[in-house]
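The chain contents come next:
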Amino acid sequence: MSTSELDLQIIESYLKTSLIGRSAANELWPEIDSTNSQAIKLAKAKAPSGTIVLARKQTAGRGRQGRTWQSPVDAGIYASFLLRPTCQKEDLPVYTLALGVAASQAILSVTGIEIGLKWVNDLVAGGKKLGGILAEMVGNDSPPALILGIGINIELDAKDLPEELSNHVEWLGHLTNSPINCNHLIAELALQLEELSNCINSGDKQSVLNAWRKHSVTLGREVQVISSAGNKEGTALDINENGALIVETGDGERLTLYAGEISIRNLDGSYS
Ligand code: BTN
């Protein structure tokens, strides 16, 4: 089922925010290397907090850990939010979690589809990846500029997916027969992010952490922690005040993960 074409004016007509998306510096590109890279340029040029960069296609979309984010034209939402958070520095990582929560709330509100959050920042449905978040800090400004980039799969063609990905990737158009209004979805994402951002800036990061816990598909599960020093298995117990994941291994060791990669154990004992 097809989607609506992105249009800044239409997004604006849906906006209920006071900051995010209200910047005159918002951009929508038919094609760009990466919306995050462009938002970094805008941040260095002093664009205001709340600026959004969107693209219909990315030619060098970036994922976490140096990976590429495949970004064919109109197959997904490719968006970067430039924020200048006024919270404590140590609370900045909570913003990554906030964008995940904002995305799940916005997707539910606009499409009726419930998705889950896999630590640290994957959007998942039925165990498959539906989207991802790439957070980047820019320079030493005070307050610092934070770029929160998100890719959400909207309409993929199963036959275009490499075989090794097809069992691991999901998209919204596959989960509903109704058209997906991407303009509305972006405006709703901006609203949810603004509300969560206001919580963090006013010292109430607990609301964000609790909302993340509610949407989590990681907590309480057997996980494999993937690291260059070797993989470890354990139970994902909780996230701490800074959004780090606490994992307890079989021999009672408690690991605190600030970044990195985990896999979740499936019923058949495999990890994905
Ligand atoms: C991940 O690896 O899961 C994170 C993927 C983040 C992709 C988005 S698409 C919009 C923004 N621009 C980029 O180059 N990357 C992010």
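### Things to note about the site of the ligand
Near the ligand there are 20 residues, and of these Ser-34, Gln-58, Arg-62, Arg-64 and Lys-129 occur at the shortest range. One of the side-chain N or O atoms of Lys-129 is found 2.6 Å from an oxygen atom in the ligand. Burial of the ligand by the surrounding chains reaches 99%, relative to a free accessible area of 410 Å². Those elements that place two or more of their residues in the shell around the ligand are helix 2 (35-44), strand 3 (76-83), strand 6 (128-138) and strand 7 (145-153). Per-element tally for the shell around the ligand: the top contributor is strand 6, with 4 residues.

### Points about the sheet that holds strand 7
Spatially, 7 strands are ordered 1-2-3-7-6-5-4 in an open sheet, and the strand pairing comes out mixed. Unpaired on one side and paired on the other, strand 1 (27-29) and strand 4 (116-118) mark the two borders of the sheet. Mean inter-strand twist for the sheet, computed between neighbouring axes without regard to direction, equals 20°. With 3 bridges connecting them, strand 4 and strand 5 (residues 122-125) associate as antiparallel partners. The residue of strand 5 that forms the bridge with Lys-118 is Asp-122. Across the sheet, helix 2 lies against strand 1, strand 2 (51-55), strand 3, strand 6 and strand 7, angled at about 20° from strand 3, the strand it touches most. With respect to the sheet, helix 3 (residues 94-111) is in contact with strand 3, strand 4, strand 5, strand 6 and strand 7, its orientation differing from that of strand 7 by roughly 35°.

### Some remarks on the side chain of Gln-192
By secondary structure assignment, the location of Gln-192 is in helix 5 (residues 182-201). For Gln-192, a relative accessible area of 12% puts it in the buried group. Side chain to side chain, Gln-192 and Gln-105 meet in a polar contact 2.7 Å long. Within polar-contact distance, the side chain of Gln-192 engages the side chain of Glu-188 at 2.8 Å.

### Digging into helix 2
In terms of burial, helix 2 is a largely internal element, 8 of the 10 residues being buried. When we look at burial in helix 2, the residues that qualify are Thr-35, Asn-36, Ser-37, Gln-38, Ala-39, Ile-40, Leu-42 and Ala-43. As for helix 2, its buried residues are in contact with strand 1, strand 2, strand 3, strand 6 and strand 7. You can read the cap of helix 2 off the contacts: a side-chain oxygen lies 3.2 Å from the backbone nitrogen of Asn-36, and it is on Ser-34. Following helix 2 by one or two positions, Lys-46 adopts a phi angle in the positive range, close to 70°.

### With respect to the environment of Pro-144
As for its position among the elements, Pro-144 is in the loop between strand 6 and strand 7. Sequence-wise, Pro-144 and Asn-26 are 118 residues apart; in three dimensions their C-alpha atoms are separated by 19 Å. If we skip the residues at most four places from it in the chain, Pro-144 touches Leu-83, Arg-84, Pro-85, Leu-92 and Met-137.

### Topic: the packing of helix 3 against helix 5
For the pair helix 3 and helix 5, interaxial distance at closest approach is 8 Å and the crossing angle is 140°. The angle between helix 3 and helix 5 places the two elements in the oblique class. In the crossing of helix 3 with helix 5, the sense of the turn from one axis to the other is right-handed. In contact with Val-94, Tyr-95, Ala-98, Leu-99, Val-101, Ala-102, Ala-103, Gln-105, Ala-106, Ile-107, Ser-109 and Val-110 of helix 3, helix 5 contributes His-184, Leu-185, Glu-188, Leu-189, Gln-192, Leu-193, Leu-196, Ser-197, Ile-200 and Asn-201. Taken together, the residues of the contact of helix 3 with helix 5 sort by class into 15 nonpolar, 6 polar and 1 charged.

Basis of the calculations
- Residues numbered from 1 in each chain as written.
- Predicted model: local features only at pLDDT ≥ 70, side-chain atom pairs only at ≥ 80, totals over all residues.
- Heavy atoms only, no water.
- Near = heavy atom within 4 Å.
- Polar contact = N/O pair within 3.5 Å; in protein donor to acceptor, adjacent residues only side chain to side chain.
- Areas by Shrake-Rupley, 256 points an atom, 1.4 Å probe, with all protein chains shown as cover.
- Helix = DSSP H or I, 4+ residues; strand = E, 2+ residues; numbered from the N terminus.
- Pairing = 2+ DSSP bridges.
- Axes fitted to C-alpha atoms, helices over the stretch in contact; angles between N-to-C directions.
- Contact = heavy atoms within 4.5 Å.
- Buried < 20%, exposed > 50% of the residue type's maximum accessible area, 1.4 Å probe, protein only.
- Parallel < 35°, antiparallel > 145°, perpendicular 65-115°, else oblique.
- Left-handed = near helix turned anticlockwise from the far one by under 90°.
- Nonpolar A, V, L, I, M, F, W, Y, C, P; charged D, E, K, R; others polar.

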